[in-house]
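Here is how the chains run, residue by residue.
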Amino acid sequence: DVKVTQSSRYLVKRTGEKVFLECVQDMDHENMFWYRQDPGLGLRLIYFSYDVKMKEKGDIPEGYSVSREKKERFSLILESASTNQTSMYLCASRLSGANVLTFGAGSRLTVL
Amino acid sequence: DAKTTQPPSMDCAEGRAANLPCNHSTISGNEYVYWYRQIHSQGPQYIIHGLKNNETNEMASLIITEDRKSSTLILPHATLRDTAVYYCIVRPANQAGTALIFGKGTTLSVSS
């Protein structure tokens, strides 16, 4: 089974802190994604990467950056966390162009 | 992606069939219908997809109308563990370099 592992299930950070959310997949998938999910808003795409060192902005990239130095790892970075970034963050991966995504369990971030 | 319309919520009694509708009246000839679900506090999970023929797997059945403008996901014997948000997405089979967009889905509540 494809596995997508998000490093932290729950995090609590302070305003202004730099936050790293790590995601690792073990099936050699080319494409990886970061979404955030908030009540009433559904899943919103932050960034995605279709290959190593490639990245594309999604619908809500402001306040975030990403890093894809290795194929299996896709990191989401909050340079200076703010309270409006309190959310559930979901990482996903897929084979290039395929529409079957495999998601991680999610990382629930609280910014105080 | 072609737009889909789903009811915001549905109820189902345990053991009965759950029929979740999705309207996709602007679907193009090369676009498939995909279904995902998200159980509370977990990442979304792929269920099934189809082009024009009905499809069945161990999780569900997918019925697509002849004109392909709508579809129904059927959970034949719903259990409490099927309580989740169900997402319907239409998209070409292979579209590298772009991401799936999730709408707000249908919240299915299964009760005993």
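Let me begin by describing the structure that accompanies this report. (Residues numbered from 1 in each chain as written. Chains lettered and ligands numbered in written order. Predicted model: local features only at pLDDT ≥ 70, side-chain atom pairs only at ≥ 80, totals over all residues. Heavy atoms only, no water.)

1. Overview of the overall build of chain A
- A tally of regular secondary structure across chain A gives 0 helices and 11 strands.
- In chain A, the order of α-helices and β-strands from amino to carboxyl end is β-β-β-β-β-β-β-β-β-β-β.
- In summary, chain A has a C-alpha radius of gyration of 13 Å against a globular reference of 13 Å for 112 residues, a match within 12%.
- Its C-alpha atoms give chain A principal-axis dimensions of roughly 35 × 25 × 25 Å.
- Expressed as a percentage of the 112 residues in chain A, the buried residues total 48%.
- Of all intrachain contacts in chain A linking residues separated by at least 6 positions in sequence, the fraction that spans at least 24 positions is 56%.
- Summing over all exposed atoms, chain A offers an accessible surface of approximately 5300 Å²; the carbon and sulfur share of this is 51%. (Helix = DSSP H or I, 4+ residues; strand = E, 2+ residues; numbered from the N terminus. Rg over C-alpha atoms; globule rule 2.2 N^0.38 Å. Buried < 20%, exposed > 50% of the residue type's maximum accessible area, 1.4 Å probe, protein only. Contact = heavy atoms within 4.5 Å. Areas by Shrake-Rupley, 256 points an atom, 1.4 Å probe, with all protein chains shown as cover.)

2. Looking at the packing of aromatic side chains
- Per the stated rule, a full pass over the model turns up 10 aromatic pairs over all chains.
- For the pair Tyr35(A) and Phe102(B), a centre-to-centre distance of 5.7 Å together with 90 degrees between the ring planes defines the contact as edge-to-face. Of this pair, Tyr35(A) sits in strand β4 (residues 31-38) while Phe102(B) sits in the loop between β8 (84-92) and β9 (106-111), which puts the two residues in different chains.
- When its relative accessible area of 1% is taken as the criterion, Tyr35(A) is described as buried.
- Relative to Phe102(B), the ring of Phe103(A) has its centre 5.7 Å away and its plane inclined at 80 degrees; by these criteria the two rings are edge-to-face. Pair noted here: Phe103(A) is in strand β10 (residues 102-103) and Phe102(B) is in the loop between β8 and β9, and the two residues belong to different chains. (Phe/Tyr/Trp six-rings, centres within 6.5 Å; stacked < 30°, edge-to-face > 60°.)

3. Some thoughts on the side chain of Ser61(B)
All names here are of chain B.
- Among the secondary structure elements, Ser61 is positioned in strand β6 (residues 61-64).
- What makes Ser61 buried here is its relative accessible area of 17%.
- Among the polar contacts made by the side chain of Ser61, one reaches the side chain of Thr56 at a distance of 3.0 Å.
- When near neighbours in sequence (up to four residues on either side) are disregarded, Ser61 contacts Ile48, Glu55, Thr56, Thr72, Leu73 and Ile74. (Polar contact = N/O pair within 3.5 Å; in protein donor to acceptor, adjacent residues only side chain to side chain.)

4. Brief notes about the sheet that holds β6(B)
- Sheet architecture is open: 4 strands sit in the order β2-β7-β6-β5 (chain B), paired in antiparallel fashion. The open sheet is flanked by β2 (18-23) and β5 (55-56) of chain B, the only strands paired with a single partner. (Pairing = 2+ DSSP bridges.)

5. Quick word on the pattern of salt bridges
Residue and element names in this part refer to chain A.
- Within this structure, the stated rule accounts for 7 salt bridges over all chains.
- Of the charged contacts in the structure, one is a salt bridge between Lys18 and Glu79, with a shortest N-O distance of 3.5 Å. In this pair, Lys18 is assigned in the loop between β2 (10-13) and β3 (19-25) and Glu79 in the loop between β8 (73-78) and β9 (87-94), connecting sequence segments 61 residues apart.
- Among the residues examined, Lys18 registers a relative accessible area of 44% and is labelled partly exposed.
- We classify Glu79 as partly exposed; its relative accessible area is 44%.
- Bridged by salt links that share partners, the residues Arg36, Asp38 and Arg44 form one connected network. (Salt bridge = Lys/Arg side-chain N within 4 Å of Asp/Glu carboxyl O.)

6. Remarks on the pairing of strand β3 (residues 31-38) of chain B
Residues and elements named next belong to chain B.
- Counting buried residues in β3 gives 7 out of 8 residues, a clear majority hidden from the surface.
- Here 8 bridges tie β3 to β8, and the two strands are oriented antiparallel to one another. Counted as the bridge partner of Glu31 is Pro92 from β8.
- When β3 meets strand β4 (residues 45-50), the two strands line up antiparallel, connected through 5 bridges. Residue pairing across strands places Trp35 opposite Ile48, the latter belonging to β4.

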